[in-house]
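Here is how the chains run, residue by residue.
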Amino acid sequence: MKVASALFSAKHASQKKSGNKLPHSKVRQGLTKREYKLTNKIIFDCLGILPYCILVSFLVTIAGRHVSRFMHACEIRGKIIVFCMLLGIYFVPAIAVGCCWSKVSYDLLRHPPLNNIFYSLLISMKLLPVSVMVLYFVPQTISEQGKFCMELTGEYSKSSFSRILFAIRNTGRGFNASLLVVFLLAFSEFDIASFLSVKHWTVSLFDLNAGGLPVIESVKLCIFPVFIELTLILVFLFFYRNEKWLKKNEASELDLKKRPVENYFSWIISFTGLIMLMMLPLLALLRNGTGGFSLVLDGNWFIKETMTGIIFALTSSLLAFYVSGIVFHRFAHGGMTLQKIFAISTLMLPGLMGTLPIALVMLFLFQMPGLVLLRDTPLPLLAAMTLFQLPYALFLRYAFSSIVQEESVFIAESALHSEVSRKGAAEILWRLKYAVKFCIFFIIFIPTYFDISISAVLSPPTMPTVFPRLYNLLHYGQNEKLSATILLSVIMPVAIFLILIACSRIIVPILATEEKNC
Amino acid sequence: MQNIIWKLEGAGLYGAGKDRRLHPTSIEIRNGITAIVGHSGSGKTSLLNLLTGFEKPDFGTVRRNIDMNGFKTELFWSPHNGGLWPHLTVEQHLAVVAGKHGVEFSNTLLEEFELSDRRDKRPGELSRGECSRLSIARAITADPAVLVFDEPLVNIDSSRRRKNWKMIVGHAREKSKSLVYSTHSPSHIIGSADAVICISGGKIIYDGSVEKLYLDPPSEEVASYLGEVNWFVPEECQVWLGRSSEKPLSFRPEHLKISGSEEGLLKIRKYGFDGEMAVAELVESSTGRSRTFFSRTDGCHFREGDRVEIKFKNGKSNGDPAN
């Protein structure tokens, strides 16, 4: 009731039409019929997509658990291959997935539950890499040896409830974290849902806002879905508030048994995801767009908007990288204090709410007196992108810090002082320090560059980015030029990054040795 | 006069919340071999982290003045977790720090630390003991003026420990390098270190020569860092030693001997041998008081009820008046 009443404004108390009588309680709260309908629509869309999101989070986490255990147990080469495959799945933009699979979805539209299941399958593949990363890097609060000792006491075998509670508190932290993150991402997903015409609250809200709904009303409609997300996050934080966040390499050895079935499953699911979400969409674009590459450069909007998108995503990634670095170094060690929870929550929570709520809230803020002058500047877009990236940047910093010892990096830096070991140490530093930073930067840059909703809502009128335009054009149908444009928009930043990394690979070790020479 | 290589002035580190991992510390560390000893969690690693520069002090200053003196580098560190480079093999670890002209030396060290047959393995494929040996070998290969080791032998099996320790100390002495290391083990201090720093609860409780700490420790707690000690407060001296004293007296196990004596005033309640020394619980006949004594055994074995006397290094016994 409190949530419902928050959605209604007293200003509209007097608006009633004959023949369209509202329930008495709603009249007392001063609600218009329109607001009531819209609110109900969003609530129903939320509740409609909720079971699918819950199902997705469980299925993905269970699958992710097998893949992460496989990665723990396998050799370094296998780890790298699987990691690259998962990255490939995660990085493919929604627009490419949408282009490829929208026809299948169109055929299923007559059967919405089937369409939702198909959408859930695609989303599950897309979010599998996230689950694997969370499960791989979030350590259990108890080692395998500790688990075994607990079994020896016989205490927790006395009742299934105590077993479940033990599992949730101790061995289940990574599992629960994955459930939470996958659910949040599935629940706030917009891009693929839009292409597949899924009845998702994000699609409804985006369409309403694009159709002219005032921003304040759009923001109010976000309250219910954000409430669901916040509740889950706060429950998780509360449950694990006292746990010390061990670094992965501080925990005792994990379960490293090789399980053949798990091996096969991991390879099969990774390949399937790669084929469905990366290879088929990119092949479809290539097939449709082969003849269109020469047409792409007609008119200069493509280069301009692509570069604008790259610059915005790069800038926000730098900001998110820098801020997450400050937060990480300040709060990395020790247990979860109240101060730490508050700081992390304030900076990280907005990003976990999803791109659309962030975009709408930012739009609303920059229409307020005092900030309205900045509305048409890049600032709202940059702020929204940075907020979106912050939680992921922080998690990646934590994840990578757990596999690279600070002592190892320090020793390599010290070895730069010696002429004999300077070159070798520079190479080591590149690998352990700078390549890791590049990796984090790349992983947060790519999804931001490909994002549609934030750019569509907040791009300054004089600085549009490429993906919202492509998204709009796709609704009129695909053609050669459009497919070629999408392909080039996808390839360009990846190519730029690869060139940057190749150059850095050569330049950074030289700079490191030059610095020590000076 | 030995050169000062580190000078700490009020330097310290905060821990979680407002706790201090290391309280304001003012010490000087000189050339030579310096041991840092303390119980787990006392602050040894924190102190070493300050010395190497891995951590900056939260308060105070740390000044370093190392003369490279022809060595390849000022300092090299072997931290408690090894600090190894996960993508390099054993051989590559040494090759990075040895340079072209150190290949023979690094091969020799691989032999000495029994890592030759593991040269193609990466740290993830090594046991903890092998990782520790690799970390030490890498530090030595780097040929620094000062070696800093954080509990270098803690993961190494006992059969190798003595040999590896002898190599480390021998290398430092032979090449006139300084060595600063933390340890729990008195046997790695006595006979090796020139100076010792005792640390407890983040505070330095002793900083001085090993010999003085061994023979004339300021307190029982500090004395215990170099092994067992027979500590007598003034009230106990008359009862157990047969003489009075205004200040506490201490005797290391090798400074007293328990001998059988029909006229002895002490009786055995319990007697055992722990491999390095005899541990005897003795009862004083007249007062009925008991206490434990540590002494070096000469093969004698006593049973409960045997009468004994304690003889001291100067030839006197507890039965002698005013010894």
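Residues numbered from 1 in each chain as written. Chains lettered and ligands numbered in written order. Predicted model: local features only at pLDDT ≥ 70, side-chain atom pairs only at ≥ 80, totals over all residues.

## As for the overall build of chain B
The secondary structure content of chain B amounts to 8 helices and 16 strands. Over its C-alpha atoms, taken along the principal directions, chain B stretches across nearly 70 × 45 × 40 Å. Expressed as a percentage of its 323 residues, the buried residues of chain B come to 41%. Long-range contacts, defined as pairs at least 24 residues apart, comprise 63% of the intrachain contacts of chain B with a sequence gap of at least 6. (Helix = DSSP H or I, 4+ residues; strand = E, 2+ residues; numbered from the N terminus. Buried ≥ 20, exposed ≤ 12 C-beta atoms within 10 Å, placed from the backbone. Contact = placed C-beta atoms within 7 Å.)

## Concerning the sheet that holds strand E2 (residues 20-30) of chain B
Residue and element names in this part refer to chain B. Taken together, 3 strands build an open sheet; the order of strands is E2-E1-E4 and the sheet is antiparallel. Bordering the open sheet on either side are E2 and strand E4 (59-64), each of which pairs with just one other strand. Along the sheet, successive strands turn relative to each other by an average axial angle of 15°, direction set aside. Here 5 bridges tie strand E1 (residues 4-14) to E4, and the two strands are oriented antiparallel to one another. From the neighbouring strand, Gly12 faces E4, where its bridge partner is Phe59. Together, E1, E2 and E4 form the strand contacts of helix H1 (residues 44-52), whose direction differs from that of E1 by roughly 125°. (Pairing = 2+ DSSP bridges. Axes fitted to C-alpha atoms, helices over the stretch in contact; angles between N-to-C directions.)

## A look at the nonpolar core
One finds Val182, Ala359 and Ala384 of chain A to be the most contacted residues of the largest nonpolar core, which totals 111 residues. At 13 residues, helix H6 (residues 112-137) of chain A tops the list of elements feeding residues into this core. Mapping this core onto the domain boundaries places at least three of its residues in each of domain 1 (32-291) and domain 2 (297-518) of chain A. Filtering out sequence-adjacent residues up to four positions away, Val182 of chain A remains in contact with Val56, Ser57, Val60, Thr61, Leu127, Val130 and Ser131 of chain A. Judged by nonpolar contacts, the second largest core, of 72 residues, contains Leu13, Leu22, Phe149 and Ile156 of chain B. (Core = buried A, V, L, I, M, F, W, Y, C linked by C-beta atoms within 7 Å. Domains from an automatic or database assignment.)

## What about the interface of chain B and chain A?
Facing 18 residues of chain B, the contacting portion of chain A comprises 19 residues. For the side of chain B that touches chain A, the elements supplying multiple residues, two or more each, are strand E5 (73-78) and helix H2 (90-98) of chain B. Among the elements that take part in the side of chain B that touches chain A, E5 of chain B stands out by supplying 5 residues, more than any other. Broken down by class, the residue content of the side of chain B that touches chain A amounts to 11 nonpolar, 5 polar and 2 charged. (Nonpolar A, V, L, I, M, F, W, Y, C, P; charged D, E, K, R; others polar.)

## Comments concerning the domain arrangement of chain A
All names here are of chain A. Considered domain by domain, chain A is made up of domain 1 (32-291) and domain 2 (297-518). Domain 1 puts 38 residues into the contact, and the matching count from domain 2 is 35 residues. Secondary-structure elements contributing two or more residues to the side of domain 1 that touches domain 2 are helix H5 (94-108), H6, helix H11 (201-210), helix H12 (215-221), helix H13 (223-239) and helix H14 (260-289). Residue composition of the side of domain 1 that touches domain 2, by class: 22 nonpolar, 9 polar and 7 charged.

## What to know about the environment of Gly260 of chain B
Residue and element names in this part refer to chain B. Along the chain, Gly260 falls in strand E12 (residues 256-260). Measuring from C-alpha to C-alpha, the distance between Gly260 and Arg307 comes to 6.0 Å, with 47 residues separating the pair along the chain. With sequence-adjacent residues up to four places away left out, Gly260 is seen in contact with Phe302, Asp306 and Val308.

## Some words on the packing of helix H19 (residues 379-401) of chain A against helix H21 (residues 422-450) of chain A
All names here are of chain A. Packing of H19 against H21 leaves a shortest axis separation of 10 Å and a crossing angle of 150°. The orientation of H19 with respect to H21, classified from their angle, is roughly antiparallel. Considering how the two elements wind past one another, H19 and H21 form a crossing that is right-handed. Across the interface between the two elements, Met385, Phe388, Gln389, Tyr392, Ala393, Leu396, Arg397 and Phe400 from H19 touch Val436, Ile440, Ile443, Ile444 and Thr448 from H21. Its residues assigned to classes, the contact of H19 with H21 comprises 10 nonpolar, 2 polar and 1 charged. (Parallel < 35°, antiparallel > 145°, perpendicular 65-115°, else oblique. Left-handed = near helix turned anticlockwise from the far one by under 90°.)

## Section: the domain arrangement of chain B
The domains assigned to chain B are domain 1 (4-225) and domain 2 (230-312). Between the C-alpha centres of domain 1 of chain B and domain 2 of chain B there is a distance of 38 Å.

## A short note on the environment of Cys149 of chain A
For Cys149 of chain A, the position within the fold is in helix H7 (residues 144-153). Each C-alpha atom, one on Cys149 of chain A and one on Ile89 of chain A, is 39 Å from the other, the two residues being 60 residues apart in sequence.

## Examining the environment of Phe273 of chain B
Residue and element names in this part refer to chain B. Inspection of the secondary structure puts Phe273 in strand E13 (residues 266-273). For the pair Phe273 and His301, spaced 28 residues apart in sequence, the C-alpha to C-alpha distance is 8.9 Å. With residues near it in sequence (within four places) discarded, Phe273 still touches Ala278 and Thr297.

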